[in-house]
Structure formats: C-alpha cells, structure tokens
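Letter by letter, the chains look like this.
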Amino acid sequence: MLENPNTCQAPDGSIRVAAIQMSAGPNILGNLEEAGRLLAIAAAQGAKLAALPEYFCIMGMKDADRVAAREQVNSGPIQQFLSNIAKRLGIWLVGGSVPLESSNPDKVRNSCLVYDDKGQQVARYDKIHLFGLELGNERYAEEETIEAGCCVVALDSPFGRIGLSICYDLRFPELYRSMGKVDIIFAPAAFTATTGKAHWETLIRARAIENLAYVVAPAQGGYHINGRETHGDSMIVDPWGVVLNRLPRGSGVVIADINPEYQASLRNSLPALSHRTLHHC
C-alpha cells in the first residue's frame with residue numbers, strides 16, 4: 001500500500017491504480033451499491049486512481065432499458081453517485097460509462113465521465129465506435145439505441161496524461177494516435193464472451209505497446225440476468241505489453257502500480273512515438 005494516503009505517488013514514484021470488474025444487472029441501485037463496495041476495497045488497498053467498467057450502472061433486460069435510464073447532463077443518481085464516491089474515497093474516478101441524454105429521444109450517449117478526488121467532473125468522453133455483430137445466434141447493434149460521439153478526449157491529471165476510450169474503440173488504433181502522447185489509456189468494456197476470448201487481451205496489449213502507455217481495462221465479467229455473457233478478464237498492462245494484474249471472472253478489484261519513471265525509460269530506449277512518419281489521423 002502507499003505509505004502516505006494523501007499523496008498521489010509512492011516514494012518510488014509509482015501510482016496505485018485499480019480496475020473494477022462487475023457483472024451488472026438491470027437494478028441500478030444494486031449496481032451502484034456493488035460499485036461502491038468494490039471501489040472502497042480499491043481505496044483501502046491504496047488506489048488513488050480507479051475505473052469502473054462500461055455499463056457498470058445498468059445491464060438491462062433489453063437494450064432500450066438504457067434509454068429509459070438516461071440522465072440529463074450533471075443531473076441524476078448515477079452521476080451523483082460517481083461524484084460522491086470519488087470525493088468520499090479521495091480518488092480520481094473514471095466512471096465506466098453512463099447513459100446520458102442525446103439529440104435523439106430514442107437514443108443515449110454512452111459517456112465515460114471522469115471525476116477528481118474532490119468530486120468534480122473533469123472530463124467526458126462519448127463513445128465514438130458503436131459495436132455491431134451478427135455471428136451465429138448473437139446479434140448486437142448499439143447504433144439502434146446509442147448516438148455516437150465525435151470527439152477524442154485526453155486530459156491532464158496528477159498521474160500523467162490520460163486518454164479515454166470505451167470497449168469497441170479498442171479495435172480502432174487511429175483513435176489512440178489521435179490522442180497524442182498519453183501516459184495512461186482507459187478502456188472500460190463489456191466485451192462479449194465470444195469476441196473477448198478471441199481478441200480482448202491481444203487488443204489491450206497492442207494498444208499498450210504501440211503507444212508505450214499503461215492500459216487500464218475494467219470489464220463486465222460473467223453471466224447477466226438478461227442472458228448475456230461477458231468476457232471479463234479485467235487487466236492492467238504496462239507500456240511493454242506486460243500484464244501486471246488481471247481478474248478472469250466475477251466481481252472484484254484488479255490492482256497494480258504504474259511507474260512514470262519506468263515508462264519514461266522505455267520511451268527513451270525505444271522512441272517509437274517520435275519515429276512516426278505518417279500523421280494522417
């Protein structure tokens with residue numbers, strides 16, 4: 001654990017981060033209680049930066065349930081929960097994804113909200129790439145209930161520069177290049193069991209390696225009341241592509257220390273980011 005809970009870095013310069021894994025259901029209050037419980041465990045273990053998975057607040061019986069649960073900007077119990085828990089635990093919190101109102105009354109924005117340790121919202125990213133899959137008996141079409149975002153979001157923090165993405169975004173490396181040089185990438189997700197088994201770890205490690213960045217990937221993991229199965233395997237990966245910690249299934253907390261000095265040494269030894277010659281994205 002960090003020796004001084006009031007500082008962002010340990011004496012060796014490392015920062016403790018946490019990825020929360022859940023198996024959310026249709027009951028928003030129950031999901032928030034579970035998220036709060038897991039975040040408290042992470043904070044007790046010294047985490048100063050934590051992230052929840054995509055759809056942490058609701059995995060409805062049908063996709064339209066997320067539309068019914070949408071909140072107005074800066075208003076509603078889900079956003080209030082995120083603000084309150086970040087302030088109470090004294091952590092920076094990447095709030096997975098929250099259904100927010102959109103320009104279309106039949107759709108939502110799938111929004112990743114970031115709160116500082118005072119409970120203030122400091123960033124919002126609306127998921128740009130919307131998942132679609134037709135494979136055997138599986139069919140997913142997020143575009144039917146979600147309005148895509150259009151803006152790449154990166155922000156400065158006490159822990160370094162943070163880049164935000166959500167789930168299906170992992171398949172589009174140009175998004176991460178568009179962020180510029182970021183130190184920590186967040187990718188809260190609800191990968192299906194089918195696609196997760198095939199691609200999840202490969203995509204996360206690739207994004208870490210090509211950007212020489214830490215990747216924090218909190219996920220939904222397990223069987224859900226609506227019959228869906230998500231892959232889980234929440235993990236934290238270092239800039240060399242090494243998996244520092246992971247949780248294959250079920251609810252829990254993944255903890256790891258990220259070290260800015262180690263990251264800087266890798267970028268000095270392998271300055272791939274400065275060797276780029278194509279800058280079209």
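Residues numbered from 1 in each chain as written. Predicted model: local features only at pLDDT ≥ 70, side-chain atom pairs only at ≥ 80, totals over all residues. Heavy atoms only, no water.

Caption draft 1: The overall build of the chain, seen in detail. The secondary structure content of the chain amounts to six helices and 17 strands. Its C-alpha atoms give the chain a radius of gyration of 18 Å, within 12% of the compact-globule value 19 Å for 281 residues. Projected onto its principal axes, the C-alpha positions of the chain cover 50 × 45 × 35 Å. Counting all 281 residues of the chain, 55% fall into the buried class. Here the analysis covers contacts within the chain between residues at least 6 apart in sequence; of these, 66% occur between residues at least 24 apart. Roughly 11900 Å² of accessible area belongs to the chain as shown, and the carbon and sulfur atoms make up 51% of that amount. (Helix = DSSP H or I, 4+ residues; strand = E, 2+ residues; numbered from the N terminus. Rg over C-alpha atoms; globule rule 2.2 N^0.38 Å. Buried < 20%, exposed > 50% of the residue type's maximum accessible area, 1.4 Å probe, protein only. Contact = heavy atoms within 4.5 Å. Areas by Shrake-Rupley, 256 points an atom, 1.4 Å probe, with all protein chains shown as cover.)

Caption draft 2: Examining the pattern of salt bridges more closely. Evaluation of the coordinates by the stated rule reveals 19 salt bridges. For the salt bridge of Glu 34 with Arg 37, the shortest nitrogen-to-oxygen distance reads 2.9 Å. With Glu 34 and Arg 37 both in helix 1 (residues 28-44) and three residues apart, this pair spans about one turn of that helix. Residue Arg 37 is classed as partly exposed on the basis of its relative accessible area of 44%. Residue Arg 249 pairs with Glu 229 through a salt bridge whose shortest N-O separation is 3.2 Å. (Salt bridge = Lys/Arg side-chain N within 4 Å of Asp/Glu carboxyl O.)

Caption draft 3: The arrangement of the confidence of the model for the chain in detail. With 95% of its residues at a pLDDT of 70 or more, the chain has an overall mean of 94. Ignoring residues within four places in sequence, the model shows residues 1-7, a span with pLDDT below 50, making 13 contacts including any to other chains. (pLDDT = per-residue confidence, 0-100.)

Caption draft 4: Examining a nonpolar patch on the surface more closely. Residues Trp 240, Val 242, Leu 244, Tyr 262 and Leu 270 make up a contiguous nonpolar surface patch of about 430 Å² in total accessible area. With respect to the helices and strands, the residue Trp 240 is situated in the loop between strand 15 (234-237) and strand 16 (243-247). (Patch = residues over 30% accessible without salt bridge, like charges linked within 9 Å, V, L, I, M, F, W, Y side chains within 5 Å.)

Caption draft 5: Expanded view of the environment of Ile 91. In this structure, Ile 91 sits in the loop between helix 3 (77-89) and strand 3 (92-94). The buried category is assigned to Ile 91, whose relative accessible area is 2%. Linking Ile 91 and Ala 43, residues 48 residues apart in sequence, is a C-alpha distance of 7.3 Å. Setting aside anything within four residues of it in sequence, one finds Ile 91 in contact with Leu 39, Ala 43, Ala 47, Lys 48, Ala 50, Ala 86, Tyr 115, Asp 116 and Asp 117.

Caption draft 6: Representation of the packing of aromatic side chains in the model. This structure, assessed with the given rule, holds six aromatic pairs. Measuring from centroid to centroid gives 6.4 Å for Phe 56 and Phe 81, while their planes differ by 35°, and the two rings are tilted. With Phe 56 in the loop between strand 2 (49-51) and helix 2 (64-68) and Phe 81 in helix 3, the pair connects residues that are 25 residues apart, well separated along the chain. Pairing Tyr 168 with Phe 172 gives two aromatic rings, centres 5.3 Å apart and planes at 80°, and the pair type is edge-to-face. Since its relative accessible area comes to 18%, Tyr 168 is described here as buried. By way of ring pairs, the aromatic residues Phe 131, Tyr 140, Tyr 168 and Phe 172 are connected into one cluster. Between Arg 249 and the ring centre of Tyr 223, over which it is positioned, the NZ or CZ distance is 5.3 Å. (Phe/Tyr/Trp six-rings, centres within 6.5 Å; stacked < 30°, edge-to-face > 60°. Lys NZ or Arg CZ within 6 Å of the ring centre and 35° of its normal.)

Caption draft 7: Spotlight on the side chain of Thr 195. By the secondary structure assignment, Thr 195 is in helix 5 (residues 193-211). The class of Thr 195 is buried, set by a relative accessible area of 10%. Side chain to side chain, Thr 195 and Thr 192 meet in a polar contact 2.6 Å long. If sequence neighbours within four positions are ignored, Thr 195 has contacts with Leu 133, Arg 171 and Trp 200. (Polar contact = N/O pair within 3.5 Å; in protein donor to acceptor, adjacent residues only side chain to side chain.)

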